[in-house]
Each structure stands twice: as structure tokens, then as C-alpha cells.
Amino acid sequence: MAKLRQNSSAIMLRSFLFLVTLIILLSSLTTVVAVGHELLETSAVDSQHVINSLENTVIDGNDDWKNWRLNSTLDTSTSQVLVHNMRKDADAKYYYSPGTKRLLKHRQTKIPFIENLYYVDDTGFEYYNTGHAKGINYQLWMSLNDQVALLLRVVIVAIFILILTLFITPFYIKVISQRITKPLSALTDSAGTASTGNQQKSFMLPVPKRPTEVTDLANSFNRLLSQLYKQSEQEKLFISNAAHELRTPIATIRSHAQLIQRRGKEHPEVIAKSVNYINDESHQMQSLVEELLSLSRADRAVLPLAPYDLSASLTEIADKMRPELQQQLTTVIPENIHITAHADSIEQIIINLLNNAGKYTPVSEPIQLVLSTTTNHVRIQVIDQGAGITDADKAHIFERFYRSSDIRGTIAGTGLGLAIASQLAELNHATLTVADNEPHGTIFSLTFTKDEH
């Protein structure tokens, strides 16, 4: 058996056909039952009128029977009457209307669940009613063939409407479904083109004006594509920058290794100098690789945050960093300030900021580590009195591998420290910002929102 199509048009067509067929069948059945019930009720009323007429007329002889027949409007072609006179002095016991004897010769079958309805062989459906008055029994059979014919016409009309609907509905639904699914199909084709093509720039899917669901879907896809393109470009730039940063120390190491190979025997004095260069450059390359690994872990990490004593942690960090810094490190750290964060990553951020401050601050100028609180925030600040950062550089200092042109090549660094610090701050639900320190220098602020209790 062929597999059913599962696209939107096919599913919609099957669903609507089933629904329309069910509605028409139910409505037709309801109509047939209602019409049939009404016809049966009408027959019951008519038959009762005949019975009442018979009961009001005492048929005690042939003259009475003839007078009743002359005055009655009974249609003997569709109705038959049997009068049974049970009086002892009756001239005749039975009186038959035309066709009654023939009717009684046929087998009569009671129709279940419907009172007084019979099926008579070779005659059809009959409605049976009885009456009794003054020792006389009356029996009446009324043919329902006309009513049945009318009911059959109702059924035929219902079937015709069903067939006509089933014939028209697929075309109508096809038109409607095409209007609905055409934008979605176009969106799918465009998405397929975007996935197989070699896009050199951000690819945007066409956004139809309607239906609104497809419009919203296209806009969502475009936002996703834009984000993926941006992420892809950042990764390309990251790889390019990493390769560039690694190329310089590798080239230096190779050149000095080659110098030792060529001139080491004749000029032993170059060996020590070249080894120092190789050691310095390998150390720089090791730092770069470690920071690349740190940044890669930070990109994928979900840090477990827990309450801890920030005051005690900052005091320990300050004690650890004082021997590492050439500048004087002063602290303003109130006691018993707690936050919910990842303690090790916060320590890494602070150490990174203090190392940066040490690189760009004159030895004679102090560096400050300040902890403060407000009603809603806890803030850690690293304040230096160095040359400061220009407004143009402030917009890029948290980007990966970014280094100001005036310090590139003069101060050692990879351009990844602040990018790592910013990423770790985000993982701790904190904000890392930079501002000027008047009259000169820089203030890095790591701000936390206080927990709500």
C-alpha cells in the first residue's frame, strides 16, 4: 500500500475531508430521523382521527357501515379498516373496507423500537391503530409508502450533497492550502539554498507578509542565521588572530635555532643570546596557548555558583599578588561581604585585572583594590593611575586579541586577558566595565546584583 503523503496540503486535505464527511453524515442522519419522526407522528394523528370517527359512529349494521363510508374522507387506496362487531344481536360480525382482506392475507412483521409500525409483505410499511366503543372493535392500517418515498428523497438529497461536497472540497482545500503553504515552501527552498550554498555574507530568508505564523518563523530563522553568521565570523577571526599571534614566536624560535645551527660552533657567544630569545618566545607562546585554552573552557562552561565570603577571598588575593606587583597595592575591603558566585573564576578575574594594572602603571604609582556595597549591588574595583585608555579603545578592549596600536610590541601580552575576564564575569551573572580614573588612570569594575531574600 502506498505511503500517505505527509506534507501540510495532504494532511489538511485528509483532515478536512474527514471532518466534512462526518458533519454531513451526522446532519443527514439527524435530518432523516427528524423527517421520519415527523411523518410518523403525522400518520399517527391521521389514524387517530379515523379511529375517533369510527368510535363516534355506531356501526351496528350494513346501513351504518355504508353511511360511514359515504361520509368518511378515508382514502381506501392507502388505508384499510376492519370492524369487528362483538354484540350478540349484530347482523354481521365483520366489515371490511376495500383491500383489507387482501392485506390480512400477507405476513405482517413488527418493526422493533417503533410503536404500531409494521412491514407487510408485498405492501410495504403500514401504521396500525385500534379503537373500541360500545362492543365494537376497530382496526386501521394506513400505508406509509408515500412517507417512505419522501424520506428516501431526503436521503438521496443528503447523499448528493455529500458527494458534491467531497468532489468540491479537495479543490477548495487545495487552493486554501497552497495559499498557506506556498510561503512556507518558499521559505524551505530558501533555507535549503542557504544550507548548501557557499555564502560569503550573512544570508537572509525572504519574509512573507502573511500568514503571520510563517512571517514570525522567517523572522526567527533570520535572527538565528544572523547569530550563526556572526558566530562563524568571530570564530574565523579568532582562528586567524590565534594563528597570527602564534606565528611570531614560532618564527623567532626557528630563526634563533637556525642561527645556532649555522654559527654556534664558530661563534659560541650567540648560543646564550639565542637560547634566551627562544626561552622568552616559548614562554610567550605557552602563555598564549594557556589563555586560548582558558577562553575555550569559558565559552563552554556552566559554572556552579555558591555563596562565599568575598571579603576574605579578596584579602587572600591581595596578599598573594603583592609580591608579584612592582607597584604598591592598597586595599579597601570591608569584612563579611558575601556573594553567590564561582570563587575560583572571580579570583582569576581579579588577578587578571591586577596584572593588567601592573603592566600599564608606573612603578611609583599605587594600585587599589576596593570592595564596596550599595542597596542592590556589590562592586569590586581595580583602580590604577597609569596612562589610561582612550574612548576609541574602550569600545574594543574586551574583544579577543585586541591590543591598542600604541602598546602592541612594547608591552608583553596576548590580548586575551580581558576577553577571558569578561566571559567569566558573564558566567557569574556579573558585569565588567571600564571607566577613567581622574586625573589619569583606569578603573575596572566588577558588579554583582545582590541576592533577593
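Since this is a predicted model, take the numbers as computed values, not measurements. For every chain, the first residue of its written sequence is number 1, and the numbers climb from 1 along that sequence. With pLDDT at 70 or above as the cut-off, local features in this predicted model cover only qualifying residues; side-chain atom pairs require 80 or more to be listed or tallied, and sums for whole chains, interfaces and linings still use all residues. Excluded from the side-chain calculations are hydrogens and water; all other atoms, namely the structure's heavy atoms, are used.

Engineer: Before we go on, may I ask you to explain the overall build of the chain in this structure?
Structural biologist: Secondary structure elements are defined from DSSP: runs of H or I of at least 4 residues count as helices, runs of E of at least 2 residues count as strands, and each element is numbered from the N terminus. Helices and strands together make up the secondary structure of the chain, namely ten helices and 13 strands. Relative accessibility under 20% of the residue-type maximum defines a buried residue, over 50% an exposed one, and the middle range a partly exposed one, all with a 1.4 Å probe and only protein chains included. Expressed as a percentage of its 453 residues, the buried residues of the chain come to 33%. Contacts between residues were defined by any pair of non-hydrogen atoms, one from each residue, lying within 4.5 Å. The contacts of the chain with a sequence gap of at least 6 include a subset with a gap of at least 24, amounting to 62%. Calculation of accessible area relied on Shrake-Rupley with a 1.4 Å probe; when residues are assessed, cover is drawn exclusively from the protein chains displayed. Element-wise, carbon and sulfur atoms account for 57% of the exposed surface of the chain, whose accessible area totals about 28100 Å².

Engineer: What exactly am I supposed to notice about unusual backbone geometry here?
Structural biologist: It is generally the case that most residues other than glycine have a negative phi and that most peptide bonds are trans. A cis geometry characterises the amide bond from Glu438 onward to Pro439, with omega recorded as 5°. With respect to the helices, strands and loops of the structure, Pro439 is situated in the loop between strand 12 (430–436) and strand 13 (442–449). Despite not being glycine, Asn116 has its phi angle at roughly 70°, a positive value. Summarising the element assignment, Asn116 is placed in the loop between strand 3 (108–110) and strand 4 (117–120). For Asp122, which is not glycine, the phi dihedral falls at a positive 65°.

Engineer: Please explain the environment of Tyr95 as it appears in this structure.
Structural biologist: In this structure, Tyr95 sits in strand 2 (residues 94–96). Tyr95 gets classed as buried once you look at its relative accessible area, which sits at 4%. For the pair Tyr95 and Tyr138, spaced 43 residues apart in the sequence, the C-alpha separation amounts to 9.7 Å. Residue contacts for Tyr95: discarding those within four places in its chain leaves Ile59, Asp60, Gly61, Asn62, Trp65, Val81, Leu82 and Val83.

Engineer: Could you clarify how one ought to interpret the pattern of salt bridges in this entry?
Structural biologist: Close approach of charged atoms allows side chains with opposite charge to pair. Only one rule defines a salt bridge in this text: a Lys or Arg side-chain nitrogen within 4 Å of an Asp or Glu carboxyl oxygen. For the coordinates displayed, the defined rule picks out three salt bridges. Between Lys320 and Glu347 there is a salt bridge, with its nearest N and O atoms 2.4 Å apart. Remark: Glu347 occurs in helix 8 (residues 343–360) and Lys320 occurs in helix 7 (residues 310–321); sequence separation between them is 27 residues.

Engineer: What am I meant to see in the nonpolar core here?
Structural biologist: A general trend in soluble globular proteins is that nonpolar side chains are found buried together. Working definition of a nonpolar core: buried Ala, Val, Leu, Ile, Met, Phe, Trp, Tyr and Cys residues. They are joined through side-chain atoms within 4.5 Å. Residues Ile346, Ile380 and Leu446 are the most contacted members of the largest nonpolar core, which totals 40 residues. Among the elements of the structure, helix 7, strand 9 (338–341), helix 8, strand 10 (367–373), strand 11 (377–384), helix 10 (417–427), strand 12 and strand 13 are those that each provide at least two residues to this core. Look past the residues within four positions of Ile380 in its chain and what remains in contact with it is Leu310, Leu314, Ile346, Ile350, Leu369, Val370, Leu371, Phe444, Ser445, Leu446 and Phe448. Counting residues in hydrophobic clusters, the runner-up holds 20 residues, among them Leu74, Leu117, Tyr127 and Ile136.

Engineer: Got a minute to help me understand the packing of aromatic side chains in this structure?
Structural biologist: By convention here, two paired aromatic rings are described through the distance between centres and the angle between planes. Whether two aromatic rings pair depends on their centres lying within 6.5 Å, for rings of Phe, Tyr and Trp, where Trp uses its six-membered ring; planes under 30 degrees apart make the pair stacked, over 60 edge-to-face, and the rest tilted. In this structure the tally under the stated criterion is seven aromatic pairs. Here Tyr118 and Tyr128 contribute two aromatic rings whose centre-to-centre distance is 5.9 Å and whose plane-to-plane angle is 85°, an arrangement assigned as edge-to-face. Residue Tyr118 is located in strand 4, and its partner Tyr128 is located in strand 5 (residues 124–133); the two are separated by ten residues in the primary sequence. Judged by its relative accessible area of 19%, Tyr128 is buried. Grouping aromatic residues by their ring pairs yields a cluster made of Trp65, Trp68 and Tyr95.

Engineer: I tried to follow the packing of helix 7 against helix 8 on my own but got confused; where do I start?
Structural biologist: For any two helices packed against each other, one specifies the inter-axial angle together with the distance between the axes. Angles shown run from 0 to 180 degrees and are taken between the N-to-C directions of axes, each axis being a line fitted to C-alpha atoms and, for helices, limited to the stretch in contact. Closest axis-to-axis distance for the helix 7/helix 8 pair is 11 Å, and the angle between their directions is 40°. By the angle class used here, helix 7 and helix 8 are oblique. In this structure, helix 7 meets helix 8 at a crossing whose hand is right-handed. Judged by residue contacts, Leu310, Leu314, Ile317, Lys320 and Met321 of helix 7 engage Ile346, Glu347, Ile350, Ile351, Leu354 and Asn355 from helix 8. Residue polarity is assigned by list, with Asp, Glu, Lys and Arg as charged and Ala, Val, Leu, Ile, Met, Phe, Trp, Tyr, Cys and Pro as nonpolar; anything else, Gly included, falls into the polar class. Taken together, the residues of the contact of helix 7 with helix 8 break down into eight nonpolar, one polar and two charged. Working definition: roughly parallel below 35 degrees, roughly antiparallel above 145 degrees, roughly perpendicular at 65 to 115 degrees, and oblique for all remaining angles. Helix crossings get a hand from a simple test, with the near helix turned counterclockwise from the far one by less than a right angle marking a left-handed crossing and a clockwise turn marking a right-handed one.

Engineer: Looking at this structure, I do not really get helix 10. What am I missing?
Structural biologist: Because an α-helix packs 3.6 residues into every turn, residues spaced three or four apart end up facing the same way. Of all eleven residues that make up helix 10, nine are buried, and the element is covered over most of its length. For helix 10, the full list of buried residues reads Gly417, Leu418, Ala419, Ile420, Ala421, Gln423, Leu424, Ala425 and Leu427. Two residues or fewer after helix 10 comes His429, characterised by a positive phi angle close to 60°.

Engineer: What is the right way to look at a nonpolar patch on the surface in this model?
Structural biologist: A patch is a set of surface residues, each over 30% in relative accessible area and not in a salt bridge, joined within 9 Å for like charges and within 5 Å for the nonpolar side chains Val, Leu, Ile, Met, Phe, Trp and Tyr. Residues Val157, Phe160, Ile161, Leu164, Phe167, Ile168, Phe171 and Tyr172 make up a contiguous nonpolar surface patch of about 860 Å² in total accessible area. Along the chain, Phe160 falls in helix 4 (residues 145–196). Among the residues examined, Phe160 registers a relative accessible area of 54% and is labelled exposed.

Engineer: What should I look at first to understand the environment of Thr76 in this one?
Structural biologist: By the secondary structure assignment, Thr76 is in the loop between helix 2 (62–71) and strand 1 (79–85). In the structure, Thr76 is positioned 22 residues away from Pro98 in sequence and 6.3 Å away in space, judged by C-alpha atoms.

Engineer: Before we go on, may I ask you to explain the sheet that holds strand 2 in this structure?
Structural biologist: Paired through backbone hydrogen bonds, the strands of a sheet run either parallel or antiparallel to each other. Taken together, the six strands give an open sheet; going across it, the order is 2-1-6-5-4-3, and neighbouring strands pair in antiparallel fashion. Pairing within the sheet leaves two strands with one partner each, and these edge strands are strand 2 and strand 3. Mean inter-strand twist for the sheet, computed between neighbouring axes without regard to direction, equals 25°. In this description, strands pair whenever DSSP reports at least two bridges between them.

Engineer: Teacher, can you tell me more about the environment of Ala218 here?
Structural biologist: Locating Ala218 in the fold gives a position in helix 5 (residues 212–263). Note: C-alpha distance between Ala218 and Leu184 (34 residues apart in sequence) is 8.8 Å. Dropping the residues within four chain positions of it, Ala218 is found in contact with Leu187, Pro206, Val207 and Pro208.

Engineer: I keep staring at the sheet that holds strand 12 and nothing clicks. Help me out?
Structural biologist: Pairing within the open sheet is mixed, and its five strands lie in the order 8-10-11-13-12. Of all strands in the sheet, those bounded by a partner on one side alone are strand 8 (329–332) and strand 12. Looking at each pair of strands side by side, their axes are set apart by 15° on average, direction ignored. Where strand 12 lies against strand 13, seven bridges are found, and the strand directions are antiparallel. By the bridge assignment, Asp436 is partnered in strand 13 with Thr442. Helix-sheet contacts for helix 7 involve strand 8, strand 10 and strand 11, and the interaxial angle to strand 10 is about 180°. Sitting on the sheet, helix 8 touches strand 8, strand 10, strand 11, strand 12 and strand 13, and the angle it makes with strand 11 is about 25°.

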